[in-house]
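# Inside the fold
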Amino acid sequence: MTPFDPIPALAGGVLIGLGAVILALFNGRVAGISGILGGLLDGERANLAWRAAFIAGLVGAGFLGLKLVSPDVMIAADWPILIIGGLLVGIGTRLGSGCTSGHGVCGMARGSIRSIAATAVYISVAVATVFVTRHLIGG
Amino acid sequence: MARLLVSLIAGGLFGAGLIISQMVNPARVLGFLDVAGTWDPTLAFVLAGALAVSVPGHWLVRRIGTPVLDRKSHLPPPGRPDRRLIAGAVLFGIGWGLVGFCPGPALAALGTGEAKAFGFLAAMATGMWLFGRIAGR
């Protein structure tokens, strides 16, 4: 993995912020990935097209970007952990009405107390989880 | 049609941002979460970059009031945190800490063609779908 470089990190963040702002400004929608994908899976007809378009843009840009810059993508978790983690992320983001994008980038920017609380909780819990798996039982 | 184009572009910007910032790499994200190890500050800079645009951007959104391409805003009204929100954030935090993927990067990583990226996405989508069933939408 390449060493930490603040420039691409900031630049990537700016693009993410820009995506969130244009969706709110033009369409009045939250660029929350879990809400968009979850809504798509619920099969809500009225909002199917814009959600599908957003996901297509995200996956498409990911596909092109990976071809162009080919960054490392290291998925270290083994299969059982991967599946458990996926289920928890899926259920948790729906129960908590958002993820890193919806609460972290959009909600916090709007000064939402709910989003600030959710972000503080999921980051703290994720830090604790990594501490337990890497330093207490993993080590 | 214009709204769909905006959605596509917004999704594209998100995807490009996740790749350029390397948030698509779970190892990078876990490096940020591993405060007791060799801490990787990348995620903090990504969030700072995003908020640097998103905070003034949403200020503008609020000032304008009505979205450019829709009759009314669909942004959620402010509210208080409740048990459901906190419980969801806890479950999400555990899953995120176990694997290093949150929903956006999991989608952006599909382009790698890696079986594990598809496996995670399938499990995540199953969780979302199951929740939708149980919550009885």
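All of these numbers come straight from a predicted model, not from anything done at the bench.

Check the secondary structure of chain A and you find six helices and zero strands. Tracing chain A from N to C terminus, the helices and strands come up as α-α-α-α-α-α. Seen through its principal axes, chain A has C-alpha atoms that stretch 50 × 35 × 30 Å. Here the analysis covers contacts within chain A between residues at least 6 apart in sequence; of these, 38% occur between residues at least 24 apart. Summed over all atoms, the accessible surface of chain A reaches about 5,700 Å², with 72% contributed by carbon and sulfur.

Any space left empty among the atoms is revealed by the rolling of a water-sized probe across them. Summed over the entire model, instances satisfying the criterion amount to two cavities of 30 Å³ or more. A volume near 260 Å³ is recorded for the largest cavity. Lining the largest cavity are 20 residues, with T100 and V105 of chain A together with L18, V46 and C102 of chain B sitting closest to its centre. Put simply, the parts of the chain that give the lining of the largest cavity at least two residues each are helix 5 (100–107) and helix 6 (113–136) of chain A together with helix 1 (2–20), helix 3 (42–64) and helix 5 (103–108) of chain B. Classifying every residue of the lining of the largest cavity by side-chain character gives 15 nonpolar, five polar and no charged. If you add up the space inside the second largest cavity, you get close to 40 Å³. For the lining of the second largest cavity, the secondary-structure elements that each account for two or more residues are helix 1 (6–27) of chain A together with helix 3 of chain B. Its residues placed into classes, the lining of the second largest cavity shows six nonpolar, four polar and no charged.

Residue and element names in this part refer to chain B. Along the chain, the position of A122 falls in helix 6 (residues 115–134). The exposure class of A122 is partly exposed, given its relative accessible area of 43%. Placed 16 residues apart in sequence, A122 and A106 show a C-alpha to C-alpha distance of 10.0 Å.

Note that predicted coordinates carrying low pLDDT should not be read in detail. On average, residues of chain A carry a pLDDT of 95, and 99% of them reach 70 or more. Helix 4 (residues 79–95) of chain A holds the highest mean pLDDT among the elements of chain A, 98, whereas helix 2 (residues 33–42) of chain A holds the lowest, 94.

Another aspect to go through is the interface of chain A and chain B. Often, the extent of an interface is quoted as the loss of accessible area upon association of its parts. Contacts between chain A and chain B engage 104 residues on the former and 104 residues on the latter. Across the chain A to chain B interface the summed buried area is about 9,400 Å²; carbon plus sulfur atoms make up 77%. Taken as a group, L95, R110 and R114 of chain A account for 7% of the area that chain A buries against chain B, more than any other trio of residues on that side. Inspection of the region where chain A meets chain B yields two salt bridges. Between D34 of chain B and R134 of chain A there is a salt bridge whose closest N-O contact spans 3.0 Å. Of all the secondary-structure elements, those providing two or more residues to the side of chain A that touches chain B are helix 1, helix 2, helix 3 (48–69), helix 4, helix 5 and helix 6 of chain A. Ranked by residue count, the leading element in the side of chain A that touches chain B is helix 1 of chain A, at 20 residues.

In this section: the packing of aromatic side chains. Tallied over the full model, the rule gives seven aromatic pairs over all chains. With 5.8 Å between their ring centres and 75° between their planes, Y122 of chain A and W96 of chain B make a pair best called edge-to-face. With one member in each of two chains, Y122 of chain A in helix 6 and W96 of chain B in helix 4 (residues 83–99) form a pair that bridges those chains. Overall, the relative accessible area of 1% leaves Y122 of chain A in the buried class. Here the basic side chain of K67 of chain A rests over the ring of F63 of chain A, its NZ or CZ set 4.7 Å away from the ring centre.

Another aspect to go through is helix 4 of chain A. With 17 residues, helix 4 of chain A should cover 24 Å at 1.5 Å per step; its first-to-last C-alpha distance of 24 Å lies within 8% of that length. Turning to helix 4 of chain A, its buried residues are L82, G85, G86, L88, V89, G90, G92, T93, R94 and L95 of chain A. Buried-residue contacts for helix 4 of chain A involve helix 2 of chain A together with helix 4, helix 5 and helix 6 of chain B. With its phi angle positive at about 55°, S97 of chain A sits one or two positions after the end of helix 4 of chain A.

What counts, and where the lines are drawn
Residues numbered from 1 in each chain as written. Chains lettered and ligands numbered in written order. Predicted model: local features only at pLDDT ≥ 70, side-chain atom pairs only at ≥ 80, totals over all residues. Heavy atoms only, no water. Helix = DSSP H or I, 4+ residues; strand = E, 2+ residues; numbered from the N terminus. Contact = heavy atoms within 4.5 Å. Areas by Shrake-Rupley, 256 points an atom, 1.4 Å probe, with all protein chains shown as cover. 1 Å grid on protein atoms, 1.4 Å probe; cavity = no way out; pocket = protein on both sides within 12 Å on 5 of 7 lines; lining within 4 Å. Points joined across faces, edges and corners; volume = space filled by probe spheres on them. Nonpolar A, V, L, I, M, F, W, Y, C, P; charged D, E, K, R; others polar. Buried < 20%, exposed > 50% of the residue type's maximum accessible area, 1.4 Å probe, protein only. pLDDT = per-residue confidence, 0-100. Buried area = accessible area lost by both parts, 1.4 Å probe. Salt bridge = Lys/Arg side-chain N within 4 Å of Asp/Glu carboxyl O. Phe/Tyr/Trp six-rings, centres within 6.5 Å; stacked < 30°, edge-to-face > 60°. Lys NZ or Arg CZ within 6 Å of the ring centre and 35° of its normal. Expected span 1.5 Å × (residues − 1).

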